[in-house]
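Analysis of the macromolecular model
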Amino acid sequence: MRLLVTGGAGFIGSNFILYMLQRHPNYKILNVDSLTYAGNLENLKTASDNPNYSFSKTDITDAHGIDLLFQQGIDVVVNFAAESHVDRSILEPEIFVKTNVLGTQVLLDAAKKYGVTKYVQVSTDEVYGSLGDAGLFTEETPLAPNSPYSASKAGGDLMVRAYYETFGLPVNITRCSNNYGPYQFPEKLIPLIISRALNDEPLPIYGDGLNIRDWLYVEDHCSAIDLVIHNGRIGKVYNIGGNNERTNIHIVKTILQELGKPESLITYVQDRPGHDRRYGIDPALITQELGWKPKHHFETGIKETIQWYLQHKDWWTRIQSGEYKSYYAKQYGERL
Ligand code: NAD
Ligand code: TDX
């Protein structure tokens, strides 16, 4: 099988490539990534001399470049490439529409032109909007995105649906909850808190800290996508989540305890505009239909993740350079 993985130099994409090379040693994987601030080929150091792995620095919005790559012959596409950070989408929405909607459409066009056995769109539970105190997102929950990020992901999803309905493209959409684990860019809550706590810097908590996210260890997300590639029913959406709802403040206090750092680092800051209160996934469909089950419990997964960041300080300090600093100047200004 020849797999084209977009966004493979990012957090989930790189974990997915490493997972697939190990799990399917006869598959050929082409990683297509434009290497934005979030793309880092260091994540794939261990794959670089694997003859089944190759890389192309190509933007998914570049229709000509993408067409050339499909001429190599592609069986399956897994589209991870995206602008993925909600706060950045509030500062600069345009690139989110460009990559997440237009980029998706470019890939769909190439998949349609050359023919693939499966196109998998990696989406997010955020397209469903925010939950109240009760209930969970199912695949039938109406789309109600609240941030420019989630609106752009919903736009991409609707394009995928349209190419299935109109052109019969064999697609699946996966909608996963919040991931955590190795190689996550230190702008997202868990690596941000770990890296700042280790430097004894104030920890920004938005609003009252009681917003809830449903956390899944990244490898469990990868195993779900592997199942969807092989056994997902054409045209179906699959929600992925590990029944692990936690408040943000609980996450932060867990990290502080594990690192032996004081709670006095916690600093409540102005809330994120349009901040979704709660996400919670009902994974019944993927569990029953594809037999998916997460392997990692949150309590051990978070400890392993903290250990990983402790052991890979070089990896995240290198990232915290020019672009990172200017983003944080814009994001927090004088607030921290
Ligand atoms: P990430 O920001 O770490 O990585 C995104 C990757 O896409 C980077 O390598 C970047 O260089 C690349 N990229 C961005 N724009 C590109 C373009 N125009 N052309 C080619 N490559 C481009 O993101 P992530 O957290 O790994 O998320 C991967 C996917 O999973 C995204 O589609 C995201 O919406 C989805 N998702 C993420 C989570 C999460 O918790 N992180 C949860 C559910 C779904
Ligand atoms: O500094 C912070 N302080 C804070 O309180 C940051 C960065 C976040 N938060 C809160 C906001 C959220 O309630 O923590 C929670 C998690 O925030 P993020 O890590 O930014 O993730 P979220 O907005 O939930 O979105 C993530 O999960 C779904 C990914 O970034 C998306 O790509 C994915 O689709």
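Worth saying up front: this structure is predicted, and the values here are computed from it rather than measured. (Residues numbered from 1 in each chain as written. Chains lettered and ligands numbered in written order. Predicted model: local features only at pLDDT ≥ 70, side-chain atom pairs only at ≥ 80, totals over all residues.)

1. Describing the site of ligand 1
To keep things clear, this is the line we draw: A residue counts as near a molecule or strand when its C-beta atom, positioned from the backbone, falls within 6 Å of it. Here a strand is any run of E in DSSP of at least two residues, a helix any run of H or I of at least four, and the numbering for each starts at the N terminus. Each residue is assigned to one class: nonpolar for Ala, Val, Leu, Ile, Met, Phe, Trp, Tyr, Cys and Pro, charged for Asp, Glu, Lys and Arg, and polar for all the others, Gly among them.
Inspection of the region around ligand 1 gives 30 residues, with Gly7, Gly10, Ala38, Gly39 and Ala82 positioned closest. Only helix H1 (11–23), helix H4 (94–114) and strand S5 (118–124) provide two or more residues apiece to the shell around ligand 1. With three residues, the top contributor of residues to the shell around ligand 1 is H1. In terms of residue class, the shell around ligand 1 is built from twelve nonpolar, 14 polar and four charged.

2. What to know about the UniProt feature "domain: NAD(P)-binding" (unreviewed entry) in the chain
Stated formally: UniProt positions are given in the numbering used here, feature names are shortened, and annotations may be inferred rather than shown by experiment.
Mapped onto this numbering, the UniProt entry annotates "domain: NAD(P)-binding" (unreviewed entry) at residues 4–305. Helix makes up 39% of residues 4–305 and strand makes up 17%, while its end C-alpha atoms are separated by 28 Å.

3. A word on the sheet that holds S5
Selection criterion: Whether two strands pair depends on DSSP finding at least two bridges between them. Note on geometry: axes are C-alpha line fits, over the in-contact stretch for helices, and angles between N-to-C directions span 0 to 180 degrees.
Taken in spatial order, the seven strands of this open sheet run S3-S2-S1-S4-S5-S6-S11, and their pairing is parallel. Looking at strand neighbours, the two that pair on one side only are strand S3 (53–56) and strand S11 (237–240), the edges of this open sheet. Direction aside, neighbouring strands of the sheet carry axes that sit 20 degrees apart on average. Both S5 and strand S6 (residues 171–176) contribute to a ladder of six bridges, which runs parallel. Counted as the bridge partner of Gln121 is Ile173 from S6.

4. Brief notes about the nonpolar core
The criterion, for reference: Joining buried Ala, Val, Leu, Ile, Met, Phe, Trp, Tyr and Cys residues through C-beta atoms within 7 Å gives a set, and that set is a nonpolar core. With C-beta atoms placed from the backbone, a residue counts as buried when 20 or more other C-beta atoms lie within 10 Å of its own, as exposed when 12 or fewer do, and as partly exposed for counts between those limits. It is the C-beta atoms, placed from the backbone, that decide contacts: two residues are in contact if theirs lie within 7 Å.
Residues Ile17, Val77, Val78 and Ile225 are the most contacted members of the largest nonpolar core, which totals 79 residues. Here Ile225 is in contact with Phe16, Val78, Val120, Val122 and Thr174, once residues within four sequence places are set aside.

5. Let's talk about helix H5 (residues 148–167)
This is how the line gets drawn: What a helix should span is 1.5 Å times the count of its residues minus one.
Taking 1.5 Å as the rise per residue, H5 with 20 residues should run 28 Å; its terminal C-alpha atoms sit 28 Å apart, in good agreement. Buried residues of H5: Pro148, Tyr149, Ser150, Ala151, Ser152, Lys153, Ala154, Gly156, Asp157, Met159, Val160 and Tyr163, and no others. The inward-facing, buried residues of H5 abut helix H3 (86–91), H4, S5 and S6. Within two residues after H5, Gly168 carries a phi angle of roughly 70 degrees, on the positive side.

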